[in-house]
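# An overview of the molecular structure
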Amino acid sequence: MSDKEHGNNEHWQHKLTPEQFSICRMKGTEPPFTGKYADCKKDGIYHCICCGAPLFDSATKYDSGSGWPSFWDVLSEDSVTQHVDTSHAMRRVEVTCKSCDAHLGHVFEDGPQPTGLRYCINSASLDLKERS
Ligand SMILES: [Zn+2]
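Here's a quick rundown of the structure. Here the structure is a predicted model, which means the values were calculated and not measured. (Residues numbered from 1 in each chain as written. Predicted model: local features only at pLDDT ≥ 70, side-chain atom pairs only at ≥ 80, totals over all residues. Heavy atoms only, no water.)

## Focus on the overall build of the protein
Looking only at helices and strands, the protein has two helices and nine strands in total. Reading the helices (α) and strands (β) of the protein from amino to carboxyl end gives α-α-β-β-β-β-β-β-β-β-β. For 132 residues, the compact-globule estimate of 2.2 N^0.38 gives 14 Å, and the C-alpha radius of gyration of the protein, at 14 Å, lies within 12% of that figure. Summarising its shape, the C-alpha atoms of the protein cover approximately 45 × 40 × 30 Å along the three principal directions. Residue burial in the protein is summarised as follows: out of 132 residues, 47% are buried. Taking all contacts inside the protein whose residues are at least 6 apart in sequence as the whole, residues at least 24 apart take part in 52%. Surface summary for the protein: the accessible area is close to 7,400 Å², and the carbon and sulfur share equals 51%. (Helix = DSSP H or I, 4+ residues; strand = E, 2+ residues; numbered from the N terminus. Rg over C-alpha atoms; globule rule 2.2 N^0.38 Å. Buried < 20%, exposed > 50% of the residue type's maximum accessible area, 1.4 Å probe, protein only. Contact = heavy atoms within 4.5 Å. Areas by Shrake-Rupley, 256 points an atom, 1.4 Å probe, with all protein chains shown as cover.)

The following block contains the structure:
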């Protein structure tokens, strides 16, 4: 681990809860049906828990039955970065926050139209700001 990464992790360890830290900074996954936004139907914008960048709109959230918050689109192409992830003997596409590199979840190609995409995101990576 480089000094830079070490410094970053220390910074985030102070700012985040242990669960948020293990998911966002160590690429963990929360157990399905446990996250606070899994069944959330409130209207608003989901922001990055780490840096506050806006990531997803509740208008694109849908019930995928997976147990994780699922979206069929991102708020903006500038919100997230996608990386091919071949860990756990699977080929998946990881989604991270473009602003701070927080691990958010994965995107799969079995979502509803019009995109056909399913952004499967950890609740712990998100902070919903309700629309007033
Ligand atoms: Zn972020």
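## Remarks on the packing of aromatic side chains
Under the definition given, this model contains four aromatic pairs. With a centroid separation of 5.2 Å and an interplanar angle of 75°, the aromatic rings of Y46 and F71 are classed as edge-to-face. Note that Y46 is positioned in strand β1 (residues 44–48) and F71 in strand β4 (residues 70–71), a separation of 25 residues in sequence. We note that Y46, like F71, is buried. (Phe/Tyr/Trp six-rings, centres within 6.5 Å; stacked < 30°, edge-to-face > 60°.)

## Side note on the coordination of the zinc ion
Only C48 (SG), C51 (SG), C97 (SG) and C100 (SG) from the protein reach the zinc ion as donors, at distances of 2.3 to 2.4 Å. All donor residues of the zinc ion come from one chain, and their arrangement in sequence is C-x2-C-x45-C-x2-C. Note that C51 is positioned in the loop between β1 and β2 (54–57) and C100 in the loop between β6 (92–97) and β7 (103–108), a separation of 49 residues in sequence. (Donors = N, O, S within 2.8 Å, 3.2 Å for Na, K, Ca; no water.)

## Examining the sheet that holds β4
Spatial ordering of the open sheet is given by β3-β4-β8-β7-β6-β5, a layout of six strands whose pairing is antiparallel. The open sheet is flanked by β3 (61–62) and β5 (80–85), the only strands paired with a single partner. Of the strand pairs in this sheet, β4 and strand β8 (residues 118–121) are connected by two bridges, and their pairing is antiparallel. Counterpart to F71 in the pairing with β8 is Y119. (Pairing = 2+ DSSP bridges.)

## Topic: unusual backbone geometry
Omega for the peptide link from Q113 to P114 comes to 15°, which places this bond in the cis form. Locating P114 in the fold gives a position in the loop between β7 and β8. One non-glycine residue, K27, lies in positive phi territory at about 60°. Among the residues examined, K27 registers a relative accessible area of 49% and is labelled partly exposed. Positive phi outside glycine occurs at D101, with the angle close to 70°. Residue placement: D101 occurs in the loop between β6 and β7. The exposure class assigned to D101 is exposed, which follows from its relative accessible area of 52%.

This is a description of form; function is not addressed.
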